[in-house]
Structure formats: structure tokens, C-alpha cells
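# Residue-level structural notes
Read off the chains here:
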Amino acid sequence: MKLLLVSDIHARDVTEVSQAKACGISTSMADTLALFARIKAEAAHQKIDAIVIAGDLLHDRQTVSAEVLVHLVRAVHDLPCMTLLVLGNHDLADNDQRLSILEVFAHIHGVTVVSKPCDFQGANGLMLRAVPYDRDEALMAKQMAASDWAFADKKANLLSDVVPCAGTGKPQRRVCITHAMFRGAARGPWDYFGDTSGVPVAAVAGFDATFSGHVHRRQVLAGAGVPVWDLFSNLTLLGGSVVYLGSPYPMNAAQIGEDLGFWTYDTEANTARFCAFDGPVYREVSSAAEVEALLEEVDPTQLHLRVTLSDPSEADRVRALAATCRTVAVRVLPTDRPDPERVAVARAVGDEDLLRKYLAARGHADLPSLDAALEDGLVFLRGGDANVRQ
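What this report covers is the structure whose coordinates are included nearby. Just so it is clear, the structure is predicted and the values come from calculations on it, not from any experiment. (Residues numbered from 1 in each chain as written. Predicted model: local features only at pLDDT ≥ 70, side-chain atom pairs only at ≥ 80, totals over all residues. Heavy atoms only, no water.)

Next up on the list: the packing of aromatic side chains. Scanning all chains against the criterion turns up four aromatic pairs. Ring geometry for Trp-263 against Phe-274: centres 5.5 Å apart, planes inclined by 65 degrees, an arrangement best described as edge-to-face. Of this pair, Trp-263 sits in strand β14 (residues 261-266) while Phe-274 sits in strand β15 (residues 271-276), and the two are eleven residues apart along the sequence. Note on Trp-263: relative accessible area 0%, which makes it buried. The ring of Phe-274 has Arg-218 lying over it, and the distance from NZ or CZ to the ring centre is 3.7 Å. (Phe/Tyr/Trp six-rings, centres within 6.5 Å; stacked < 30°, edge-to-face > 60°. Helix = DSSP H or I, 4+ residues; strand = E, 2+ residues; numbered from the N terminus. Buried < 20%, exposed > 50% of the residue type's maximum accessible area, 1.4 Å probe, protein only. Lys NZ or Arg CZ within 6 Å of the ring centre and 35° of its normal.)

Below, the structure is given as C-alpha cells:
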């Protein structure tokens, strides 16, 4: 049997970088639909038996729009084979409830929504355990490690020749699908941390392969919980290892330039193959000349561009060059040259007013001493960086 696995799609209708300012990345519904089109084509080409979405199909579970939901329902409905939706933390109504807007997908023929631990059995002795996200990591570890395959589910079959596991017989291939934070996972600066110690990798020691969403960086955790970086496109899996599928497109600036996409998995050979998704292009540059060179190589309508300039005089030129880009964010680094207007203000106001202006501008509530505050305030008003003595 062949599975296609993808996670952390984070579908949302966002077209402006300002709405994703915290991470500097803005994916749109157009990006998500392009991904589904690629998945559909790859599934047909490779004769995939089932598609598995390992959590976080949605980005904002609380305010998902009707437009986003309709697009997703159509995209999932059009997939060429049975589909398994395992709930992630972004899919739940909140982190303490199992309800999810994704339950609407259960009404689509051939789609199974996994909102509680569920075991399936398939052809050639395949036993598949799906464990959705739960804030209680100790509970998740117990659910993964349970040896009796007793999480029988009465929902629609995962595949035409698959029936829910009845807890009998010895599986020839054990596979776990989950959305969890495993100990040892290498996380990017914007990945979800939360108050977590992580699920021990030992919890999945009984599986031939474990695939997980949640961490957006593509990697493999060996049995001891040590990350192996993504210098691979094909791998034969070792028992007890965890494959983090990674996000199919960048979720934050730290992923710019990484190869991202989805996976296919041959259950009989126990081999996984990475499939790169040539979707939207994200680049970060630092000058107008770099923008010009990049636009000669990349279709601007597919380009999400972040520009950090040291020369403020280039800002208007960069914005004009990037006018046809899908999104563009321009940041100008502060200059150390004194600002005459700020210097005039510094001379005109007294110490108390100066301190008040500085605190309001920099957002500092507590400083070690008044002298340090005044000195930093003068630096700021002269156009320099705070906490840097001149």
C-alpha cells in the first residue's frame, strides 16, 4: 500500500504580510489550493491508496472564514483517494476540547476525521494508529504505546479494503500517524513551544514508522530522540524513529530557502520518499540590486519578498521594483547618524520629560537606574540604538 502524507498546511485567507508580521510570512488560499492540486496530481501518478493530513489543516480554528472552509471542502472532496484527517492543535475548537470545525469534512464520502485515537488495519497486515493532538502529552504517550490495538473506530473505512481494527491478529507493519511534540525535535524560532516537555520517542518504539506534524522543520528523530537533518529525499525507516513531515511551504522566515513539500510512504517496503512542492517562492534580500537580480530569475507573481535595507534612500526604488510581487515587506535599519530634529527635542526638554519620552517610545517599564535611562534616552533621541553607549 502507498500513502501520501502532508501536515501543517495552515490554510488561511491571508494576502498581506502585515497580517503575519510576527513571522514575516504570509500564505494565501491560492498557495494552499496550488498545494492540493499538486497532491492530487502526485496521488494519481503514483497510484496512492490513501492521503493522510497529519494535523493543522487550518491556521485559525476560531475565526476560519466560510470562504476558506468552502475552498478546503472542495479541495479535499476532489482528492482521488480516501483521506484521513488527524486533528492538530490548530484544528481544535480550543486546546481543551475535541470539537472541531473539521468535523464537517466527515460528511464527505471517503474522508475520515480522527478526533480521538483510532486504529485501522489494511492490506498485507498493515496496522495504522492515528493519535490526534492533545495537551496532555503523558496521555498521548500512553495512547501511542498501547500494545493491544484496542482503539476500534466505527467510522467509514480508511480504504476500500481496510476495516477498523478489532484488536485481533499480529500486524506485519505497524505505523503511527500523530501531531505531537517529541522530545529532541529541532524547532525553529517561530515553532510552537508552549509549556511542554515533549512526548518521549520511546513511546513509538513499537512502530515500524511514525509520521508526525506539529514541528515545521523537516527532520527525522532517531530512536534516542536525536534529530537527523533533512539531507535526504529517500529513506528506509528504522523502527522507533519519527519522521517530522514538515510544513509544505514556509511558515516563518527561518524556513526561507528550505526544500519543503510532502511525503509518500510504501508500507510494504517501509520506505519514504520526499516530494518537493514548487509552490510560492519566499526570498529575503538586502538591496535594490538584489531585488533586480531576483526578479530576473523568479516570476514576481509567485514571489513573497522580504527586504531589509541599510540605505533608506533605496526604499522607494525597492517598492517600485517589487510592485508586482505577491507580497513585499520592506524594513529600513535604523541609522546611527544624529537626527537634527531629535537633537533639538533633546535640548529643549528637561530630564524628566526626556525620560518620559524615551520610556514611551521604547516601551520600557523598568530600567536599572535613572542615569542609564537618561543616557539611553539621549542615544535614542539622537537617532541611535537604545542600550548602545556613544
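Resuming the write-up.
Attention now goes to unusual backbone geometry. One non-glycine residue, His-10, adopts positive backbone phi at about 50 degrees. Of note, His-10 is situated in the loop between β1 (2-6) and α1 (29-45). Exposure remark for His-10: the relative accessible area of 2% places this residue in the buried category. At Asn-270, a position not held by glycine, the phi torsion is positive, near 55 degrees. Topologically, Asn-270 is positioned in the loop between β14 and β15. Residue classification places Asn-270 among the buried residues on the basis of a relative accessible area of 7%.

Moving on, we get to α1. Helix length check: α1 (17 residues) gives 24 Å between terminal C-alpha atoms against 24 Å at 1.5 Å per residue, within 8%. Those residues of α1 that fall on the buried side of the exposure criterion are Met-29, Asp-31, Thr-32, Leu-35, Phe-36, Ile-39, Glu-42 and Ala-43. Buried residues along α1 cover an arc of 155 degrees about the axis, so they all sit on one side. One or two residues past the end of α1 sits Lys-47, with phi positive at roughly 55 degrees. (Expected span 1.5 Å × (residues − 1). Arc of directions from axis to C-beta.)

This next bit is on the sheet that holds strand β16 (residues 281-285). Strand order in this open sheet of three strands is β16-β17-β18, and the pairing throughout is parallel. Two strands bound the open sheet, and with one partner strand each, they are β16 and β18 (327-332). Across this sheet, the average inter-strand angle for adjacent strands is 10 degrees, counted without regard to direction. Sheet topology places strand β17 (residues 303-309) next to β18; six bridges connect them, and they run parallel. When the bridges of β18 are listed, His-304 appears paired with Thr-327. (Pairing = 2+ DSSP bridges. Axes fitted to C-alpha atoms, helices over the stretch in contact; angles between N-to-C directions.)

Following the criterion strictly, the structure yields seven salt bridges and no others. Glu-292 serves as the salt-bridge partner of Arg-317, at 2.7 Å between the closest nitrogen and oxygen. Of this pair, Arg-317 sits in helix α5 (residues 315-321) while Glu-292 is found in helix α4 (residues 288-297), placing the two residues 25 residues apart along the sequence. You can call Arg-317 partly exposed: its relative accessible area is 39%. With a relative accessible area of 33%, Glu-292 lands in the partly exposed category. (Salt bridge = Lys/Arg side-chain N within 4 Å of Asp/Glu carboxyl O.)

Time to look at the pairing of strand β9 (residues 209-213). Of all five residues that make up β9, five are buried, and the element is covered over most of its length. Of the two faces of β9, the one holding Ala-209, Phe-211 and Gly-213 and the one holding Thr-210 and Ser-212 are both buried throughout. Relative to β9, strand β8 (residues 173-179) runs parallel, the two sharing five bridges. Across the sheet, residue Ile-177 finds its bridge partner in β9, namely Phe-211. As defined by bridge partners, β9 adjoins strand β13 (residues 242-244) across three bridges and the pair is classed as parallel. Its bridge partner being in β13, Thr-210 is matched across the sheet by Val-242.

Geometric values such as these leave the question of function open.
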